[in-house]
Amino acid sequence: MENKKTRWKDYLLLHGALFLYSTGSFYSKTAAGQAFLSPGFLLFYGLMLLNLLVYAVLWQQILKRFPLTVAFANKAVTILWGILWGALFFHETITWRMLVGAAVIILGVLVVVTDHE
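Scope of this entry: the structure provided in the associated data block. (Residues numbered from 1 in each chain as written. Predicted model: local features only at pLDDT ≥ 70, side-chain atom pairs only at ≥ 80, totals over all residues. Heavy atoms only, no water.)

### Description of the nonpolar core
Using the following cut-off: For our purposes a nonpolar core is just a set of buried Ala, Val, Leu, Ile, Met, Phe, Trp, Tyr and Cys residues, chained together by side-chain atoms within 4.5 Å. Burial status follows relative accessibility: with a 1.4 Å probe on protein chains alone, a residue under 20% of its type maximum counts as buried, one over 50% as exposed, and anything between as partly exposed. Each helix corresponds to a stretch of at least 4 residues labelled H or I by DSSP, and each strand to a stretch of at least 2 residues labelled E; elements are numbered beginning at the N terminus.
Among the nonpolar cores identified, the biggest contains 14 residues, and Tyr-11, Leu-14, Leu-18, Trp-59, Ile-62 and Phe-66 are the most heavily contacted of them. Counting only elements with at least two residues in this core, the list comes to helix 1 (2-32), helix 2 (39-65), helix 3 (68-74) and helix 5 (96-116).

Below you can see the structure in the form of structure tokens.
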């Protein structure tokens, strides 16, 4: 039982880190919409760099807990978060192709993860 509980926590760490990583695209796109070196640009660019620093530390911990194939297969879910961020914050349209692609990504992650469990 302890092993399953620990594994659940590992997956929570993995997907929390990937969620954090996905917010970097929000920060960089928001920074790109600001005047170069303006306070807004510096704020969002700085947040993106901080985000990447924290993510890099978390990613090293993740690689200690998972095989590379599992860790990198799960990284594909950042595409799903990117679709969500685009729709929520930048008013981008979610198309049927995007939804089909998202389903393929989820199925691919499940195939890789269940094969390694």
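### Observations concerning a nonpolar patch on the surface
The condition is simple: To count toward a patch, a residue needs a relative accessible area over 30% and no salt bridge; like charges are then connected within 9 Å, while nonpolar side chains (Val, Leu, Ile, Met, Phe, Trp, Tyr) are connected within 5 Å. Areas reported here follow the Shrake-Rupley algorithm with a probe of radius 1.4 Å; residue values treat only the protein chains shown as occluding. Take a side-chain nitrogen of Lys or Arg and a carboxyl oxygen of Asp or Glu: if they are within 4 Å of each other, that pair is a salt bridge.
A surface patch of nonpolar side chains, about 430 Å² in accessible area, is lined by Leu-43, Leu-47, Leu-50, Leu-53 and Val-54. Mapped onto the elements of the fold, Val-54 is located in helix 2. Val-54 sits in the partly exposed class, given a relative accessible area of 37%.

### Points about the packing of aromatic side chains
Condition: Any Phe, Tyr or Trp ring, taking Trp's six-membered ring, that has another such ring centre within 6.5 Å forms a pair; planes under 30 degrees apart are called stacked, those over 60 apart edge-to-face, and the others tilted. Ring-over charges, as used throughout, are those where CZ of Arg or NZ of Lys falls within 6 Å of the ring centre and within 35 degrees of the ring normal.
Counting across every chain of the model gives 15 aromatic pairs. Relative to Phe-66, the ring of Tyr-11 lies with its centre 4.7 Å away and its plane at 65 degrees, an arrangement referred to as edge-to-face. Residue Tyr-11 is located in helix 1, and its partner Phe-66 is located in the loop between helix 2 and helix 3; the two are separated by 55 residues in the primary sequence. This pair shows no difference in class: Tyr-11 is buried, exactly as Phe-66 is. A ring pair is formed by Phe-19 and Trp-81, whose centres lie 4.7 Å apart and whose planes are at 80 degrees; its orientation type is edge-to-face. Note that Phe-19 is positioned in helix 1 and Trp-81 in helix 4 (residues 78-90), a separation of 62 residues in sequence. When its relative accessible area of 34% is taken as the criterion, Phe-19 is described as partly exposed. In this structure Trp-81 comes out as partly exposed when scored by relative accessible area, which is 29%. Aromatic ring contacts, followed pair by pair, group Phe-19, Phe-26, Tyr-27, Phe-44, Trp-81, Trp-85, Phe-89 and Phe-90 into a single cluster. The ring of Phe-90 carries Lys-29 above its face, with NZ or CZ at 4.8 Å from the centroid. Above the ring of Tyr-21, the side-chain terminus of Lys-75 is found at 4.9 Å from the ring centroid.

In short, the description is geometric, and any link to function would need to be established separately.
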